[in-house]
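Breakdown of the fold
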Amino acid sequence: MIKLLSANFLRLRKNNAFWGSMGVSLGMGLLMVVDSWRSAQESGGAWASTVDAELFKYAAFIGILAAELIPLFLGTEYSDGAIRNKMVVGHSRLSIYFANLITGYTSCLLCSAAYMLGCVALGVPLLGWFTQPPALLLTALAGSLLMTAAFCAIFTFVAMNCAKKSTSVVICLLGAFAAFIGAIVIHSMLEAPEFIRGYELSMGGQVVSAPLEPNPNYLTGAKREVYQFLYDLLPSGQSVQYCSLQLTDPPRLMGLALAVCAVFTAAGAALFRRKDLK
């Protein structure tokens, strides 16, 4: 395992996709701070963000970066025949799978760190020091890292069991975008108000507000619980919560992220052990 990780990290240091992702992450961290600072200046201080509010917005795009970086990096092993060479010299399939999973996760952690570095380095001078409780920040940090691990487990599952690099990249990217769209839709359904106010047009042409009435789109009972569970289960749904620091139930989010990691890692390793590599 140590030799496999050493070889992977050596390849990672020379990988253009990795350094490109690092640059994008650092640039996004700086851009988020500058955008918030400019908005505050234009509003005359009426609207102001804090470094806390920008720090975890990497959760909104780390899944997309992972969907591009992991299949590109791991897909090269198939195209170059590196996986067969590793097996020829005596490495087991399980050790190869877990070494690649750890490498992919490490690359995403470094991208997250690059974003946070840029955000803090520029955000503290422009936006001021942290304002949120340390317990919330540490909880969001731990949870977002587990969320990133869930993304990595899913994309490693795809990349290690799909021999064509281009196909795995397309599957991962389309899946990531679809998951984010689904999370946003579920979020909007959960945030729908219980009551809505209609408007009526009076005889004089004036618009007057009508009494409050029940919202037919408001989720209740078991249906709301199902949608909330899906929202918390999807790594993309978790990313929306960490991005805004509005966490429904942090222990639940972390437990579900660990469950996603375990399921996809076990399934991916089992399929890879039976995969025909000829």
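It should be noted that the structure appears before, not after, this text.
In what follows, the accompanying structure is described. Everything numeric in this text was worked out from a predicted model, so none of it was measured. Along each chain, the written sequence defines residue order, and numbers are assigned to residues from 1. With pLDDT at 70 or above as the cut-off, local features in this predicted model cover only qualifying residues; side-chain atom pairs require 80 or more to be listed or tallied, and sums for whole chains, interfaces and linings still use all residues. Note that water and hydrogens are dropped before the side-chain values are worked out from all heavy atoms of the structure.

**A few points about the environment of Ser 43**
- In this description a helix means any DSSP run of H or I spanning at least four residues, a strand means any run of E spanning at least two, and both kinds are numbered starting from the N terminus. Note on placement: Ser 43 falls in the loop between helix 2 (16–42) and helix 3 (51–55).
- Placed 77 residues apart in sequence, Ser 43 and Val 120 show a C-alpha to C-alpha distance of 23 Å.

**A few points about the nonpolar core**
- Among buried residues, those of type Ala, Val, Leu, Ile, Met, Phe, Trp, Tyr and Cys that are joined through side-chain atoms within 4.5 Å constitute a nonpolar core. The classification of residues rests on relative accessible area computed with a 1.4 Å probe and restricted to protein chains. Under 20% of the type maximum is buried, over 50% is exposed, and intermediate values are partly exposed. One finds Phe 56, Ile 70, Phe 155 and Phe 272 to be the most contacted residues of the largest nonpolar core, which totals 51 residues.
- Looking at this core, the elements with two or more residues in it are helix 1 (2–13), helix 2, helix 3, helix 4 (62–79), helix 6 (93–127), helix 7 (134–160), helix 8 (165–190) and helix 11 (250–274).
- Considering every element that reaches this core, the biggest residue donor is helix 6, with ten residues.
- In this structure, Ala 149, Ala 150, Val 260 and Cys 261 belong to the second largest nonpolar core, which totals five residues.

**Some words on the side chain of Asn 215**
- Looking at the element boundaries, Asn 215 is found in the loop between strand 2 (207–214) and helix 9 (221–233).
- The class for Asn 215 is buried, based on a relative accessible area of 11%.
- Polar contacts here mean pairs of N or O atoms no more than 3.5 Å apart (in protein, one a potential hydrogen donor and the other a potential acceptor; neighbouring residues in sequence count only if both atoms are side-chain atoms). Within polar-contact distance, the side chain of Asn 215 engages the backbone oxygen of Pro 193 at 2.8 Å.
- Those residues within four positions of Asn 215 in sequence are excluded, and the remaining contacts are Ala 192, Pro 193, Glu 194, Phe 195 and Ile 196. Residue contacts are defined here by distance: any two heavy atoms, one from each residue, within 4.5 Å place the two residues in contact.

**A word on the packing of aromatic side chains**
- Any Phe, Tyr or Trp ring, taking Trp's six-membered ring, that has another such ring centre within 6.5 Å forms a pair; planes under 30 degrees apart are called stacked, those over 60 apart edge-to-face, and the others tilted. For the coordinates displayed, the defined rule picks out nine aromatic pairs.
- Taking 4.9 Å as the distance between ring centres and 80° as the angle between the ring planes, the aromatic pair formed by Trp 129 and Phe 130 counts as edge-to-face.
- Overall, Trp 129 belongs to the exposed group, its relative accessible area being 61%.
- Given a relative accessible area of 24%, Phe 130 falls into the partly exposed group.
- Ring centres of Phe 151 and Phe 155 lie 6.0 Å apart, and the angle between their planes is 15°; this geometry places the pair in the stacked category. You can see Phe 151 and its partner Phe 155 sitting in helix 7, four residues apart, about one turn around the helix. Phe 155 matches Phe 151 in its accessibility class, with the two residues each being buried.
- These aromatic residues form a ring-pair network of at least three members: Tyr 58, Phe 61 and Tyr 115.
- The ring of Phe 73 carries the charged tip of Arg 11 above its face, separated from the ring centre by 4.1 Å.
- Over the aromatic face of Phe 272 sits the side chain of Arg 93, whose NZ or CZ is 5.8 Å from the ring centroid. Should the NZ of a Lys or the CZ of an Arg lie within 6 Å of a ring centre and within 35 degrees of the ring normal, that charge is described as sitting over the ring.

**Focus on the layout of surface pockets**
- For the largest pocket, the calculated volume is near 200 Å³.
- Of the grid points, spaced at 1 Å and generated over the protein atoms alone, those admitting a 1.4 Å probe that cannot get out make up cavities, while open sets with protein on both sides within 12 Å along at least five of seven lines make up pockets; any residue with an atom within 4 Å of a point is treated as lining. Taken together, 15 residues form the lining of the largest pocket, with Ile 154, Leu 234, Pro 235, Val 260 and Phe 264 sitting closest to its centre.
- Among the elements that make up the lining of the largest pocket, the one with the highest residue count is helix 11 (five residues).
- Under this grouping Gly is polar, as are all residues other than the nonpolar Ala, Val, Leu, Ile, Met, Phe, Trp, Tyr, Cys and Pro and the charged Asp, Glu, Lys and Arg. Grouping the amino acids of the lining of the largest pocket by side-chain chemistry returns 13 nonpolar, two polar and no charged. Grid points are joined across faces, edges and corners, and a volume is the space filled by probe spheres set on the points.

**Overview of the pattern of salt bridges**
- Salt bridge, as applied in this entry: a Lys or Arg side-chain nitrogen positioned within 4 Å of an Asp or Glu carboxyl oxygen. This structure, assessed with the given rule, holds two salt bridges.
- The shortest N-O distance in the salt bridge between Glu 54 and Lys 57 comes to 3.2 Å.
- With relative accessibility at 24%, the residue Lys 57 sits in the partly exposed group.

Interpretation in functional terms is not warranted from these geometric data alone.
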